[in-house]
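# Notes for the structure review
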Amino acid sequence: MRSRSLLCALTVLLSASPALAADANGVIEHALGPYYAALVASSRGNIDATNRQLILFASRWASASREVRTTPPAEIGQDPEWPVAVDRVTTLIAEARAAARRRDMSGAHADLEEVRQVLREVRERHQLATFDDHLSDYHEAVERVAGHVVGRNEIRLTGRDFDDINEDLQSALQAWRAAQGLAGPIAASATWKAAAAQASAALAQMAKALAAKDRTAIAHGADRLKTTYYDLLLAVSIARG
């Protein structure tokens, strides 16, 4: 219920946005506020919310893209792939909006997932890892943890599974610590603090279940990790509103 309340509040909060930050990274972060809300809405099959947030994201990105094309992040400099990445994001937004209008939520979500990968690929070439990148790393690790559990019953969850889950959980913990370290102004947001506390608790719960090799608790823990991850995204959207 708390996630739905956060999502419903986003349109108003994101519409009344402050002026764009002066630096290119700040401009991009601001533009990605409604992006995360659209990502959550599309993952949950919420067509109306997805369309609303995509309209906001498209508007912000149209403005941001003009600025960051000519003045890219300092760390990226004049990388010739940067304008290509900016244009690709613009295309992906259009494709996500078209998919959403067709009520194709899985297609819209896939397009939105690619957005952060496109931006990340350029940053990786310059050894630049941002808060958003570490949050993506956290997401990928959480998905791997859940992947070991989905479709498994108590008999099929083996000793090797426990080892693999632990490896991916350690990756999630590492990414989570890195994201927290780069949260910056977001860390002061009450919504982020609440979501971050829940995410940390979910990680601790999973570690405890894994240590006990409690299969039922591990399955519940994986679900909680995914739920709290999406709460984090909603908190970022609100903080960047």
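Residues numbered from 1 in each chain as written. Predicted model: local features only at pLDDT ≥ 70, side-chain atom pairs only at ≥ 80, totals over all residues. Heavy atoms only, no water.

### Structural notes on the overall build of the protein chain
Definition in use: The helix count covers DSSP runs of H or I at least four residues long, the strand count covers runs of E at least two residues long, and both are numbered beginning at the N terminus. Residue exposure (1.4 Å probe, protein chains only): buried if accessible area is under 20% of the type maximum, exposed if over 50%, otherwise partly exposed. Whether two residues are in contact is decided by their heavy atoms: any pair within 4.5 Å suffices. Throughout, the Shrake-Rupley method with a 1.4 Å probe supplies accessible areas, and for residues the shown protein chains are the sole cover considered.
Along its length, the protein chain carries 10 helices and 0 strands. Secondary structure elements of the protein chain occur, N-terminal to C-terminal, as α-α-α-α-α-α-α-α-α-α. Taken over 241 residues, the protein chain has a buried fraction of 50%. Put simply, of all contacts in the protein chain between residues at least 6 apart along the chain, 74% involve residues at least 24 apart. Carbon and sulfur atoms form 53% of the exposed surface of the protein chain, whose accessible area is close to 11,100 Å².

### Regarding helix α4 (residues 47-70)
For an α-helix, the turn length of 3.6 residues means that residues three or four places apart are oriented alike. Using the following cut-off: To estimate how far a helix should reach, multiply one less than its number of residues by 1.5 Å. Bend is computed residue by residue as the angle between axes fitted to the seven residues ending at the residue and the seven residues starting at it.
Compared with the 34 Å implied by 1.5 Å per residue over 24 residues, the 34 Å span of α4 between its first and last C-alpha is a close match. By the largest-angle criterion, A64 marks the main kink of α4, which is about 30°.

### A look at the pattern of salt bridges
Between side chains of opposite charge, a pair can form when the charged atoms approach closely. Worth spelling out the cut-off: Whenever Lys or Arg places a side-chain nitrogen within 4 Å of a carboxyl oxygen from Asp or Glu, that contact is recorded as a salt bridge.
A complete count under the given rule lists 13 salt bridges for this structure. Note that R125 and D79 form a salt bridge whose closest N and O atoms lie 3.3 Å from each other. Here R125, found in helix α6 (residues 105-125), pairs with D79, found in the loop between α4 and α5 (81-101); they are 46 residues apart in sequence, far enough to count as distant. The exposure class assigned to D79 is buried, which follows from its relative accessible area of 12%. The residue E113 makes a salt bridge to R116 at a minimum N-O spacing of 2.8 Å. With E113 and R116 both in helix α6 and 3 residues apart, this pair spans about one turn of that helix. Each member of the pair, E113 as well as R116, is classed as buried. Connected through shared salt-bridge partners, R120, E124, D137 and E140 make up one network.

### Quick word on the environment of R60
Relative to the elements of secondary structure, R60 occurs in helix α4. Residue R60 is classed as buried on the basis of its relative accessible area, which comes to 10%. Measuring from C-alpha to C-alpha, the distance between R60 and V27 comes to 9.2 Å, with 33 residues separating the pair along the chain.

### Quick word on the packing of helix α9 (residues 190-212) against helix α10 (residues 215-239)
Here is the rule we go by: All axes here are fitted lines through C-alpha atoms, helices being fitted over the stretch that makes contact, and every angle between N-to-C directions spans 0 to 180 degrees. What sets the label is the angle itself: under 35 degrees gives roughly parallel, over 145 gives roughly antiparallel, 65 to 115 gives roughly perpendicular, and the rest give oblique. For a crossing to be left-handed, the near helix must be turned anticlockwise from the far one by less than a right angle; the clockwise case is right-handed. Polar here means any residue outside two lists: the nonpolar Ala, Val, Leu, Ile, Met, Phe, Trp, Tyr, Cys and Pro, and the charged Asp, Glu, Lys and Arg; Gly therefore counts as polar.
Running from N to C, α9 and α10 point in directions that differ by 165°, and their axes come no closer than 8 Å. By the angle between their axes, α9 is roughly antiparallel relative to α10. Between α9 and α10 lies a crossing of left-handed hand. Along the lines of polarity and charge, the residues of the contact of α9 with α10 split into 18 nonpolar, 6 polar and 2 charged.

### Section: the packing of aromatic side chains
Heads up, the condition is: Pairs were defined over the aromatic rings of Phe, Tyr and Trp, the Trp ring being its six-membered one, requiring ring centres within 6.5 Å. Orientation was assigned from the angle between planes: stacked under 30 degrees, edge-to-face over 60, tilted for the rest.
One pass over the structure, following the stated rule, counts 8 aromatic pairs. Between Y35 and F57 the ring centres are 5.3 Å apart and the planes differ by 50°, which places this aromatic pair in the tilted class. In this pair, Y35 sits in helix α3 (residues 33-43) while F57 sits in helix α4, placing the two residues 22 residues apart along the sequence. For F57, a relative accessible area of 0% translates into the label buried. On the numbers, 6.3 Å between centres and 50° between planes, the contact of Y138 with Y229 is tilted. Taken together, the residues Y138 in helix α7 (residues 131-149) and Y229 in helix α10 connect sequence positions 91 residues apart. Using a relative accessible area of 0% as the deciding quantity, one classes Y138 as buried. An aromatic cluster is present here, built from F131, Y138, W176, W192, Y229 and Y230 joined pairwise through their rings.

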